[in-house]
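Below are the chains, spelled out letter by letter.
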Amino acid sequence: MTTRLKGLTRPVEGSNHESPTTHRRIGFTLAVVGLALGAISLIANLVAADLVGDGEASLADQTLAWSFGLNTAGFGTIKLGIAIVLVGILVRLWQRVESVKRSLPELKAKADPKIEIGAISTPFGPASSGKEIPGPLAIHTMAKRMWAPMLAMGYMAVIAGLITSLLWAGDPANVALASWTQGLQFLGEGLLLAGISFLLGTILASLREGGGEVQAALGLTVKTLDMPKTAKLFVGLMALGVMVSMLQFVLYLVVANGVDNAAAWFAWLGPLREVGLGL
């Protein structure tokens, strides 16, 4: 899995670093599609408001059901576009690393005795130095392996929720379909954000690894910044957000299986799912 994903983000050695990539174009196209879906949902909601005013509450409920699914799918499509742009950044980053390694062989140093081996202090924070490129941190290894599965599972959950929203539109009073739609789609949104977070972690890992490769190629002592507290907080908040997204999905399933007062459950499950995305 790691090898296959590496092929998606790191160009073949010796490839032309000036060759264009299609990631940005695909990402922006998906973003436009997502915005269009959101605009359609907005129009549908305005129509539903008029229907309520005209006394056609049942038809309004049907419209609001499918527009909810379409709107959330639009957000998910925008997130997928963001993720593809980030993959493009990874590709470009490694293209730059390879180009630097090839273009500066004449500057290769014989030794770098001025830098102390071990823990050092730099203007950018604590770091370590040595002769070898440091291995990846555990979170970096996880990020490289998990970003693609998270994105795939997340978008599939969003689309599955869109399908159930169409079924919900045919029976607006069906609590089970309402629960499945909301639970699935916001689980998917949470997984998509987790995938984006893992992609950001992969970019940081690539900067760390690529910087070490360039320093080693020039015969310099390899200096690597330590993981800052803000990065550790980032990981903790992301994990907490994913757990809340999973929790809201489980609770929506409880509602789908039958509870005494579904409206009361929906009242607090809505904010709970948003808290998960916020984290």
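Calculation notes
- Residues numbered from 1 in each chain as written.
- Predicted model: local features only at pLDDT ≥ 70, side-chain atom pairs only at ≥ 80, totals over all residues.
- Heavy atoms only, no water.
- Helix = DSSP H or I, 4+ residues; strand = E, 2+ residues; numbered from the N terminus.
- Buried < 20%, exposed > 50% of the residue type's maximum accessible area, 1.4 Å probe, protein only.
- Areas by Shrake-Rupley, 256 points an atom, 1.4 Å probe, with all protein chains shown as cover.
- Axes fitted to C-alpha atoms, helices over the stretch in contact; angles between N-to-C directions.
- Parallel < 35°, antiparallel > 145°, perpendicular 65-115°, else oblique.
- Left-handed = near helix turned anticlockwise from the far one by under 90°.
- Contact = heavy atoms within 4.5 Å.
- Pairing = 2+ DSSP bridges.
- 1 Å grid on protein atoms, 1.4 Å probe; cavity = no way out; pocket = protein on both sides within 12 Å on 5 of 7 lines; lining within 4 Å.
- Points joined across faces, edges and corners; volume = space filled by probe spheres on them.
- Nonpolar A, V, L, I, M, F, W, Y, C, P; charged D, E, K, R; others polar.
- Patch = residues over 30% accessible without salt bridge, like charges linked within 9 Å, V, L, I, M, F, W, Y side chains within 5 Å.
- Salt bridge = Lys/Arg side-chain N within 4 Å of Asp/Glu carboxyl O.
- Phe/Tyr/Trp six-rings, centres within 6.5 Å; stacked < 30°, edge-to-face > 60°.
- pLDDT = per-residue confidence, 0-100.
- Core = buried A, V, L, I, M, F, W, Y, C linked by side-chain atoms within 4.5 Å.

J.: Please clarify how the overall build of the protein chain should be interpreted in this entry.
T.: In terms of helices and strands, the protein chain carries seven helices and three strands. Taken from N to C terminus, the helices and strands of the protein chain fall in the order α-α-α-β-β-α-α-β-α-α. Burial analysis of the protein chain (279 residues in total) assigns 39% to the buried set. Counting every atom, the protein chain has about 15100 Å² of accessible surface; 68% of that belongs to carbon and sulfur.

J.: Please explain the packing of helix α6 (residues 229–256) against helix α7 (residues 262–278) as it appears in this structure.
T.: Between two packed helices, both the angle of their axes relative to each other and the distance between the axes serve to describe the pair. With their axes 9 Å apart at the nearest point, α6 and α7 run at an angle of 165° to one another. With respect to their mutual orientation, α6 and α7 come out roughly antiparallel. In this structure, α6 meets α7 at a crossing whose hand is left-handed. Two secondary-structure elements touch here, α6 through Gly241, Val244, Ser245, Leu247, Gln248, Leu251, Tyr252, Val254 and Val255 and α7 through Ala262, Trp265, Phe266, Trp268, Leu269, Gly270, Leu272, Arg273 and Gly276.

J.: Looking at this structure, I do not really get the environment of Ser245. What am I missing?
T.: Inspection of the secondary structure puts Ser245 in helix α6. The spatial distance from the C-alpha of Ser245 to the C-alpha of Phe186 is 6.7 Å, given a sequence separation of 59 residues. The residues contacting Ser245, other than those within four sequence positions of it, are Phe186, Leu187, Gly190 and Gly276.

J.: Would you take a moment to explain the sheet that holds strand β2 (residues 125–130) for this structure?
T.: Strands in a sheet are paired, the pairing made by backbone hydrogen bonds, and the direction either parallel or antiparallel. Strand order in the open sheet formed by three strands is β1-β2-β3, and the pairing between neighbours is antiparallel. The open sheet terminates on both sides in strands that have one partner only, identified here as β1 (118–122) and β3 (222–225). Between one strand axis and the next, the sheet turns through 35° on average, direction left out of account. Note: β2 against β3, four bridges, orientation antiparallel. Considered in β3, the bridge of Gly130 is made with Val222.

J.: I'm lost on the layout of surface pockets in this one. Help?
T.: Counted as a void, the largest pocket has a volume near 730 Å³. Looking at the largest pocket, it is lined by 31 residues, and the ones nearest its centre are Leu204, Arg208, Leu225, Asp226 and Pro228. For the lining of the largest pocket, the leading source of residues is helix α5 (residues 175–217), giving 10 residues. Within the lining of the largest pocket, the residues separate by chemical class into 18 nonpolar, 10 polar and three charged.

J.: Help me out: how do you make sense of a nonpolar patch on the surface in this one?
T.: Together, Leu233, Leu237, Leu240, Met243, Val275 and Leu279 make up an exposed nonpolar region whose accessible area comes to about 520 Å². For Leu233, the position within the fold is in helix α6. The exposed category is assigned to Leu233, whose relative accessible area is 53%.

J.: What's the story with the packing of aromatic side chains in this structure? I'm lost.
T.: Two aromatic rings are characterised by how far apart their centres lie and by the angle between their planes. This structure, assessed with the given rule, holds five aromatic pairs. Summarising the aromatic geometry, the rings of Phe68 and Trp168 are spaced 6.3 Å apart at their centres and angled 75° between planes, so their arrangement reads as edge-to-face. Of this pair, Phe68 sits in helix α3 (residues 57–103) while Trp168 is found in helix α4 (residues 138–170), placing the two residues 100 residues apart along the sequence. Taken together, a centroid distance of 5.6 Å and an interplanar angle of 40° make the contact between Trp265 and Trp268 tilted.

J.: Explain the confidence of the model for the protein chain here, please?
T.: Any segment with low pLDDT has predicted coordinates that should not be analysed in fine detail. Chain-level statistics for the protein chain give a pLDDT mean of 85 and a share of 88% at 70 or above. For the protein chain, helix α1 (residues 2–9) is the element with the lowest average pLDDT, namely 54, and α6 is the one with the highest, namely 93.

J.: Sorry if this is basic, but what is going on with the nonpolar core here?
T.: The tendency in soluble globular proteins is for nonpolar side chains to be buried as a group. One finds Trp147, Leu151, Phe198 and Leu199 to be the most contacted residues of the largest nonpolar core, which totals 30 residues. Looking at this core, the elements with two or more residues in it are α3, α4, α5 and α6. Of all the elements, α5 adds the most residues to this core, at 10 residues. Other than its neighbours up to four places away in sequence, Leu151 contacts Ala83, Leu192, Gly195, Ile196 and Leu199. Counting seven residues, the second largest nonpolar core, distinct from the first, contains Val244, Val255, Ala262 and Leu269.

J.: Is there a simple way to explain the pattern of salt bridges in this structure?
T.: Opposite charge on two side chains lets them pair, provided their charged atoms get close. Taken as a whole and judged by the stated rule, the model has three salt bridges. We note a salt bridge from Glu189 to Lys79, for which the minimum N-O separation is 2.7 Å. Here the residue Glu189 occupies a position in helix α5, and Lys79 occupies one in helix α3, the gap between them amounting to 110 residues. For the pair shown, Glu189 and Lys79 are each scored as buried. Glu209 is the partner of Lys144 in a salt bridge, and the nearest nitrogen-oxygen pair spans 3.2 Å. You can see Lys144 sitting in helix α4 and its partner Glu209 sitting in helix α5, a full 65 residues away along the chain. By relative accessible area, which is 24% here, Glu209 ends up partly exposed.

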